[in-house]
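# Breakdown of the fold
The lines below spell out each chain.
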Amino acid sequence: MSIASTQKRGFGAILWDYLTTVDHKKIGNMYIAAGAFFFILGGLEALIIRIQLVKPENDFISAGLYNEMITMHGTTMIFFAATPLLIGLMNAIMPLQIGARDVAFPFLNSLGFWLFLAGGLLMNCSWFLGGAPDAGWTAYAPLSVVSPGHGTDFYVMGLQLSGAGTLMGGINFLVTIVTMRAPGMTYMRMPLFTWTTFIASVLILFAFPALTVGLFLLMFDRMFGSAFFDIALGGNSIIWQHLFWIFGHPEVYILILPAFGMFSEILPVFSKKRLFGYTSMVFATILIAFLGFMVWAHHMFTVGLGPTANAIFSVATMAIAVPTGIKIFNWLATMWGGSIKINSAMLWTLAFIPSFTIGGMTGVMVAISTADYQYHDTYFVIAHFHYVIVGGVVFGILAGLTYWWPKLFGKVLNETLGKIAFWLFFIGFHLTFFIQHFLGLMGMPRRYWVFLEGQGLDTGNLISTIGAFLMAIGSVVFVYNVIITSIKGEKAPADPWGDGRTLEWSIPSPPPEYNFKQLPLVRGLDPLWIEKMEGNNKMTPAEPLDDIHMPNGSILPFIMTIGFTIASFGFIYQVDHSAWLIAVFGGMAIALGTMLARSLKDDDGYHIHKEDLEKEVD
Amino acid sequence: MSQEHSLNPENLPKDPAKATLEGRNKFLGLWFFLGGETVLFASLFATYLALRNSTAGGPSSQDLFGLELVFIMTILLLTSSLTSVYAIYQMKNYNFKKMQLWFGITAILGLGFLGFEIYEFYHYITDYGFTFRSSAFGSAFYTLVGFHGGHVVFGLSWLIAIMVRNAKRGLTLQNAPKFNTWALYWHFIDVVWVFIFTVVYLMGMVS
Ligand code: HEM
Ligand SMILES: [Cu+2]
């Protein structure tokens, strides 16, 4: 590794390296880079929405374009920004935390990434090919079935591709955690971020297939004339809502649980205290995940499911606040009496606690089904879910990125810039969304292109738009920090915070391709901290130094993805002309042919030899 | 290492499919995957149940279904699951030839099932004019049963591919997990069919 990296390599070689890599760290970094790209894209869409709403009856963009903006903003942020940023961190960090050399299925890992990226890019192609999807990120039928043009077709195929990729990622993480933990790393010694990765993967596994089916039904109705949502032929459009939310509510927990995990890593390190209530944290996570599957119909209170169903889903939803509350108190208690160090990773964490709690409280408000008739489809709901998603998930991602940046890229982000970015973003966030609670209560509906003058909504909307710009500036500072750090930053040691407690801090930053020269012996929760307390300062190896087996890189996942992407274009356009069926069959042939090649070709990987490992300095 | 050489009972582990970490990972990975597949089929079943009486004046399940055909299909598929168990049993005995034989029988039974299913669809379409587009019931029926049929097609292609590929190589620690995971997948398809038989055909005949 050190030999290879000191050699200068051409651009082509680096590109090829990334196209074929099966290294979980590189794949993780690609997820983060792609997620950041889509985050910026989604952010620009948000700014455009806010500019349109800066004053009454504005005509900055047309009504049609406005619908495309809100749809693409929501879809991009959920599926192509938040989810991949989290999956990227899981990919890069979780194997290090359990003392593994890679994930269980490195090939599948790479395929999952390329499918996600293809899905995101495919959907955004729609901007240039006649118009983006415009039926909302929830794509309710029958609107999504009759929506003209190909926008919604791009939505369907894009989500289908990236959904398949996410599912693969989930299965991969599950198997990795079950079979590849280092000696001594029992389940109840796993760091909380690993635990939440595990539980979020379970949610991915059981939630995404429901979306897959929903998307198939929508695809069949739009492209092949089936009648699932066609009332005239006996169809039923409520089926879409059920399938979408059976996926959709667990999805919000797929996003928030890993963020919870990250805060649970950061707080102990910067409080110099072990996590308070570790066991209750684990069980609260499991309970939240379990309840998360029981509450989907709270998005459908106003559909008319009847008082019994509404009451049951109402109570079940409120119950989730209990395990969530347990977590909040555990985080507070972790800091209690600790020697607290406040840096930018910690600032995001500290800001998360009250912000998310506000979102949780409005969550309980909208969970009251009778009251929700008033809140539903107003800006109150927008305020609610941005408090949990931005105040929870985005703060979590930014905290986690700041915290693990040295481990991922070998350099510590600049603190001053980090703090400036935080304060701009934090103030901007509350400015944007706090006022929206009141706009909603005053009756401002969501997803409307304009609002009218003289209804008391002007000032609130203006404030909200100003806040959005502050968040944008904050994000720019964050990106600037990343650039400056990669140019000028100093090389980080293995444990740049000095108080690292978990295994990832026991190996170099960034880690070598095989992660652990010798697998570590884990003797308890916070294994590195235990060794530090005993004056060892490094992990005790669990095995003698020996050859390390590594998987070979492969271009097949990339080719397979290209095949599926071609087929997706074929599906979208075969409605116009049956010649496009050639793309469908050709694309599928490429994809399935590669799959066959993969299954039939023997790939034994290679070994890094003991002698070479001995030469490496730690 | 000598993984390339084919195995025999004297020099090898008790269960060749789970002797390596890769093998165990594959098996566990497929179990998880089947968990996801369960949700997939559950969603399709739920959709079907919601729409099975929405015939929009077209043919209904009582008009269409005949138990004889479905009965034969069920027997074929259930038997194929049994023969795949024999194949895995022979694998654990390191009897590669017999394993291939039983897998061959499994494939033939699967192909038989598929033939009848294609005939069934053809029959509904030509004799009753009952298509994917006739009604919401039609869409739901063909989607649910078709998804299962698609899984059968995929499973058969997969099986034939690994059988042909390894025909001359004998059993190795590399290919044993592949046969093993395939068998697990095939049992799952079988179980789904039992539910289709009950929910679609039996319930469709009585109500
Ligand atoms: C105490 C916890 C929570 C409760 C009780 C809760 C409750 C609710 C309810 C009842 C709705 C539907 C409101 C309506 O449409 O009228 C809703 C919407 C929403 N919630 Fe939550 N929620 C909670 C936590 C979360 C979390 C953690 C996230 C994401 C990380 C989240 C994301 C969303 C989103 C995205 C929507 C809007 C979906 C849409 O219609 O576009 N919620 N929430
Ligand atoms: Cu929900």
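Quantities reported herein were computed from a predicted structural model and do not represent experimental measurements.

In this section: the coordination of the copper ion (ligand 2). Residue and element names in this part refer to chain A. In this structure, His249 (ND1), His298 (NE2) and His299 (NE2) serve as the protein donors to the copper ion (ligand 2), at separations of 1.8 to 2.0 Å. Expressed as a motif, the donor residue spacing for the copper ion (ligand 2) is H-x48-H-H. Distance-wise, the iron atom of ligand 1 is placed 4.5 Å from the copper ion (ligand 2). Of the residues examined, His298 reaches a relative accessible area of 13% and is grouped as buried.

A few words now on the pattern of salt bridges. Residues and elements named next belong to chain A. Taken as a whole and assessed by the stated rule, the structure comprises 12 salt bridges over all chains. Among the salt bridges present, the one from Asp377 reaches Arg446, with a minimum N-O distance of 4.0 Å. In this pair, Asp377 is assigned in the loop between α14 (369-375) and α15 (379-409) and Arg446 in the loop between α16 (415-441) and α17 (458-488), connecting sequence segments 69 residues apart. With relative accessibility at 36%, the residue Asp377 sits in the partly exposed group.

Right, let's talk about the nonpolar core for a bit. Judged by nonpolar contacts, the single largest core of 228 residues is most densely connected at Trp331 and Phe395 of chain A together with Phe141, Trp193 and Tyr201 of chain B. When residues in this core are grouped by element, the largest group, 20 residues, is from helix α8 (residues 192-224) of chain A. Filtering out sequence-adjacent residues up to four positions away, Phe395 of chain A remains in contact with Phe263, Trp348, Ala351, Phe352, Ser355, Val390, Phe425, Phe426 and Phe429 of chain A. Membership of the second largest hydrophobic core comes to 12 residues, among which are Leu53, Tyr66, Tyr379 and Met444 of chain A.

Attention now goes to the packing of aromatic side chains. All names here are of chain A. Taken as a whole, this structure holds 83 aromatic pairs over all chains when the rule is applied. Relative to Trp195, the ring of Tyr187 lies with its centre 6.3 Å away and its plane at 45°, an arrangement referred to as tilted. The class of Tyr187 is partly exposed, set by a relative accessible area of 31%. Here Phe244 and Phe247 contribute two aromatic rings whose centre-to-centre distance is 6.0 Å and whose plane-to-plane angle is 75°, an arrangement assigned as edge-to-face.

Another point: the confidence of the model for chain A. For chain A, per-residue confidence averages 95 on the pLDDT scale, and residues scoring 70 or more make up 98% of the total. Per-residue pLDDT stays below 50 along residues 1-6 of chain A; that stretch engages in 4 contacts with residues further than four places along the chain or on separate chains.

The end-to-end C-alpha separation of helix α19 (residues 556-573) of chain A is 26 Å, in line with the 26 Å expected for 18 residues at 1.5 Å each. Here α19 of chain A lies mainly inside the structure; 13 of its 18 residues are buried.

Glancing now at the packing of helix α3 (residues 24-52) of chain A against α17 of chain A. All names here are of chain A. At a minimum axis distance of 9 Å, the contact between α3 and α17 shows a crossing angle of 155°. The angle between α3 and α17 places the two elements in the roughly antiparallel class. For the pair α3 and α17, the sense of crossing is left-handed. From α3, Leu47, Arg50 and Ile51 reach across to α17, where they touch Asn461, Ser464, Thr465, Ala468, Phe469 and Ala472. Considered class by class, the residues forming the contact of α3 with α17 number 5 nonpolar, 3 polar and 1 charged.

Another point: the site of ligand 1. All names here are of chain A. In the neighbourhood of ligand 1, 23 residues make up the surrounding shell, with Trp137, Asp372, His376, His384 and Arg446 lying closest. Between an oxygen atom of ligand 1 and a side-chain N or O atom of Asp372, the distance comes to 2.6 Å. Of all the elements in the fold, those that place two or more residues in the shell around ligand 1 are α9 (238-271), α13 (344-367) and α15. Each residue belonging to the shell around ligand 1 can be placed in one class, and the counts come to 14 nonpolar, 7 polar and 2 charged.

Residue and element names in this part refer to chain A. As for its position among the elements, Ile288 is in helix α10 (residues 278-292). A relative accessible area of 0% places Ile288 in the buried class. For the pair Ile288 and Ile320, spaced 32 residues apart in sequence, the C-alpha to C-alpha distance is 6.0 Å. Apart from residues lying up to four places away in sequence, Ile288 is in contact with Tyr253, Leu257, Phe260, Ile320, Pro323, Thr324 and Lys327.

Parameters and conventions
- Residues numbered from 1 in each chain as written.
- Chains lettered and ligands numbered in written order.
- Predicted model: local features only at pLDDT ≥ 70, side-chain atom pairs only at ≥ 80, totals over all residues.
- Heavy atoms only, no water.
- Donors = N, O, S within 2.8 Å, 3.2 Å for Na, K, Ca; no water.
- Buried < 20%, exposed > 50% of the residue type's maximum accessible area, 1.4 Å probe, protein only.
- Salt bridge = Lys/Arg side-chain N within 4 Å of Asp/Glu carboxyl O.
- Helix = DSSP H or I, 4+ residues; strand = E, 2+ residues; numbered from the N terminus.
- Core = buried A, V, L, I, M, F, W, Y, C linked by side-chain atoms within 4.5 Å.
- Contact = heavy atoms within 4.5 Å.
- Phe/Tyr/Trp six-rings, centres within 6.5 Å; stacked < 30°, edge-to-face > 60°.
- pLDDT = per-residue confidence, 0-100.
- Expected span 1.5 Å × (residues − 1).
- Axes fitted to C-alpha atoms, helices over the stretch in contact; angles between N-to-C directions.
- Parallel < 35°, antiparallel > 145°, perpendicular 65-115°, else oblique.
- Left-handed = near helix turned anticlockwise from the far one by under 90°.
- Nonpolar A, V, L, I, M, F, W, Y, C, P; charged D, E, K, R; others polar.
- Near = heavy atom within 4 Å.
- Polar contact = N/O pair within 3.5 Å; in protein donor to acceptor, adjacent residues only side chain to side chain.

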